[in-house]
Amino acid sequence: MTDKSCEGSTRIVSLAHRYETDIAEFSFGAIAYDNDSVGRWLSVLYALLEGASEALEISRDDIDGTLSWTPDGRRSFVLFDTVPAGAGAAKRIAENLGKVIQFAVDRVTRCDCGEETSCYGCLRSFRNERHHDKLSRQGALSIFAELKVEATPEVVDGPWGETLAYTSQSVIELLLKLSKRGVQKPELGVDLGQHYWPVEAVWMKPGVVLVEGYDEERDSGLGSDGYTVVKVEDTDADQLAPLLPAG
Ligand SMILES: [Zn+2]
């Protein structure tokens, strides 16, 4: 499924693979495809995968995708689980396609690399190394523009007017809510404590640190450095705002 060598090897294996793995396939109506536009289509494909990973909190390693064709000859996107037998990620993507597309557009719009290129903050990953020279923000954005999907302005402008290119959307959304409630602007994306743990945000005065993902060593380390550690996954603006200074 993932690369041609697999598909060509033995037919039975490739067919079996198709059915053991969840696949989400979709195409975008009337958008034309020609050989010159393969880079644009690949750029959309990888934007969608990154968008799905952010929007649905699926590890990017657990999903991948490829370009395919619909029976009536249109180019389509196939997104699938890389986990054997599937972990339901493709199904969730299919069920939440609107959100996935929105996150994809926001991500590609807010990145600060050159539009004619791409970076690890938007479209590139180690998995798509062979396509890096073809991937561009502009390419993805041109197709999203044809689909009339626009970026969410406040996500792109960012909380406290700060464009956060390398920050996940769930962190941005939480920070946006806090900024709207008049919470003081924290230090964003800094390394903190004796062991320089990377954190999403810190309010130095009460010593409240916002982190993403689970890392016990980091959390206990920051705790013994005297910080109150709050995980993005475990909190919301209602819970967090009262702990924070007003700006
Ligand atoms: Zn970029």
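Residues numbered from 1 in each chain as written. Predicted model: local features only at pLDDT ≥ 70, side-chain atom pairs only at ≥ 80, totals over all residues.

A word on helix α3 (residues 38–56)
Between the first and last C-alpha of α3 there are 27 Å, a value that for 19 residues agrees with the 27 Å anticipated at 1.5 Å per step. Burial of α3 is extensive: 16 of the 19 residues sit out of reach of the surface. Directly after α3, the chain includes Glu57, whose backbone phi takes a positive value near 50°. (Helix = DSSP H or I, 4+ residues; strand = E, 2+ residues; numbered from the N terminus. Expected span 1.5 Å × (residues − 1). Buried ≥ 20, exposed ≤ 12 C-beta atoms within 10 Å, placed from the backbone.)

Some words on the environment of Cys111
Of note, Cys111 is situated in the loop between α5 (97–110) and α6 (137–146). Taking the C-beta count within 10 Å as the criterion, Cys111 has 21 such neighbours and is therefore assigned buried. A C-alpha to C-alpha distance of 9.5 Å links Cys111 and Leu123, two positions 12 residues apart in sequence. Among all residues touching Cys111, those that are not within four sequence positions of it are Cys119, Gly121, Cys122, Arg137 and Ala165. (Contact = placed C-beta atoms within 7 Å.)

Side note on the environment of Thr66
With respect to the helices and strands, the residue Thr66 is situated in strand β2 (residues 63–69). The spacing of Thr66 and Ile143 is 77 residues in sequence and 17 Å in space, taken between C-alpha atoms.

As for the domain arrangement of the protein
Here the domain parsing of the protein yields domain 1 (4–151) and domain 2 (159–243). Each partner contributes residues to the interface: domain 1 has eight residues there, and domain 2 has five residues. Elements with a contribution of two residues or more to the side of domain 1 that touches domain 2: α3 and α5. The greatest single-element share of the side of domain 1 that touches domain 2, amounting to three residues, is contributed by α5. When its residues are assigned to classes, the side of domain 1 that touches domain 2 shows three nonpolar, one polar and four charged. (Domains from an automatic or database assignment. Nonpolar A, V, L, I, M, F, W, Y, C, P; charged D, E, K, R; others polar.)

Section: the nonpolar core
One finds Ala47, Leu48, Ala52, Leu79, Val100, Ala104 and Val108 to be the most contacted residues of the largest nonpolar core, which totals 32 residues. Counting only elements with at least two residues in this core, the list comes to β1 (23–26), α3, β3 (75–81), α4 (89–95), α5 and α6. Among the elements that take part in this core, α3 stands out by supplying 10 residues, more than any other. In this structure, Leu79 is in contact with Ala24, Leu48, Leu49, Ala52, Ile63, Gly65, Ala90 and Ile93, ignoring residues within four places of it in sequence. (Core = buried A, V, L, I, M, F, W, Y, C linked by C-beta atoms within 7 Å.)

Some details on the pairing of strand β8 (residues 208–211)
Looking along a regular strand, one sees the side chains alternate between the two faces of the sheet. Relative to β8, strand β7 (residues 201–203) is paired through three bridges, and the arrangement is antiparallel. Residue Val202 lies in a different strand from β8, and its bridge partner there is Val209. Joining the antiparallel neighbours β7 and β8 is a turn of four residues, in which Gly207 adopts a positive phi near 75°. Relative to strand β9 (residues 228–231), β8 runs parallel, the two being bridged by four bridges. (Pairing = 2+ DSSP bridges.)

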